[in-house]
Amino acid sequence: MSYQHYFQDVVTNLSIEDLFLLTYLKERGANEKFKSVSRKTLLIEIVEQQPSMTEATIRKAFHRLEALKFISLFNSGKQQKIYITTIGLEALKLN
């Protein structure tokens, strides 16, 4: 199995919540460390836009996407900030 085939397989197995979060980050322009968005702000905005998504569902998606290196989290002062990585952008192109 090639790397490209493996990557396609991983991307096709992303959940709707995962894809929504990746798309949301891309549309918000959070694709660089200095353009990142605080985790708390994202939770509030996403729950307002998608009432069917609970905070627990969003947190699970954050953990899954971070493990896949599709998003990156870092601490900025007291806040944890999130942005989509180039790998995450490639995943969106495949979907």
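Structure: above.
The model shown is predicted, which means the values in this text are computed figures rather than measured ones. Counting restarts for each chain, with residues numbered from 1 along the sequence as it is written. Per-residue local features of the predicted model are confined to residues with pLDDT of at least 70, and side-chain atom pairs are confined, for both listing and counting, to 80 or more; whole-chain, interface and lining totals are unaffected and use all residues. The side-chain figures draw on all heavy atoms in the structure; neither hydrogens nor water molecules are used.

### Brief notes about the sheet that holds strand β2 (residues 71-76)
We treat two strands as partners when DSSP finds at least two bridges between them. Helix and strand labels come from DSSP, where a helix needs a run of H or I of at least four residues and a strand needs a run of E of at least two; each type is numbered from the N terminus. Strand order in the open sheet made by the three strands is β1-β3-β2, with antiparallel pairing throughout. Two strands in the sheet have a free side with no partner beyond their single neighbour: β1 (37-38) and β2. In terms of strand pairing, β2 meets strand β3 (residues 79-84) through six bridges, oriented antiparallel. Bridging from a neighbouring strand, S76 pairs with Q79 of β3. Here, residues are in contact when the closest pair of their heavy atoms is within 4.5 Å. Fitting a line to C-alpha atoms yields each axis, with helices limited to the stretch in contact; the angle taken between N-to-C directions then spans 0 to 180 degrees. Across the sheet, helix α2 (residues 16-27) touches β2 and β3, and the angle it forms with β3 is around 90 degrees.

### Focus: the packing of aromatic side chains
Aromatic pairs are defined between Phe, Tyr and Trp rings, using the six-membered ring for Trp, whenever the two ring centres lie within 6.5 Å; interplanar angles under 30 degrees are classed as stacked, those over 60 as edge-to-face, and all others as tilted. Under the defined criterion, the tally for this structure stands at three aromatic pairs. Judged by centre distance (6.0 Å) and plane angle (75 degrees), the rings of F7 and F70 are edge-to-face. You can see F7 sitting in helix α1 (residues 3-12) and its partner F70 sitting in the loop between α4 (55-67) and β2, a full 63 residues away along the chain. Comparing F7 with F70, the two get one shared label, buried. A ring pair is formed by F74 and Y83, whose centres lie 6.2 Å apart and whose planes are at 65 degrees; its orientation type is edge-to-face. A simple rule labels every residue: compare its accessible area, found with a 1.4 Å probe on the protein chains alone, to the largest value its type can have, and call it buried under 20%, exposed over 50%, or partly exposed in between. For Y83, a relative accessible area of 16% puts it in the buried group. Two conditions define a charge located above a ring, namely a distance within 6 Å from the ring centre to NZ of Lys or CZ of Arg, and an angle within 35 degrees of the ring normal. The residue whose ring lies beneath K33 is F74, and the NZ or CZ to ring-centre distance is 4.9 Å.

### Some thoughts on the pattern of salt bridges
When a carboxyl oxygen of Asp or Glu lies within 4 Å of a side-chain nitrogen of Lys or Arg, that pair is called a salt bridge. Applying the stated rule across the entire model yields four salt bridges. Linking E45 and R28 is a salt bridge whose minimum nitrogen-to-oxygen distance equals 3.0 Å. Of this pair, E45 sits in helix α3 (residues 39-49) while R28 sits in the loop between α2 and β1; the two residues are 17 residues apart in sequence, bridging distant segments of the chain. The closest approach of N and O atoms between R59 and E55, which form a salt bridge, is 3.8 Å. Of this pair, R59 and E55 both sit in helix α4, four residues apart, roughly one helical turn.

So, to be careful, I would describe these as geometric facts and stop short of saying anything about function.
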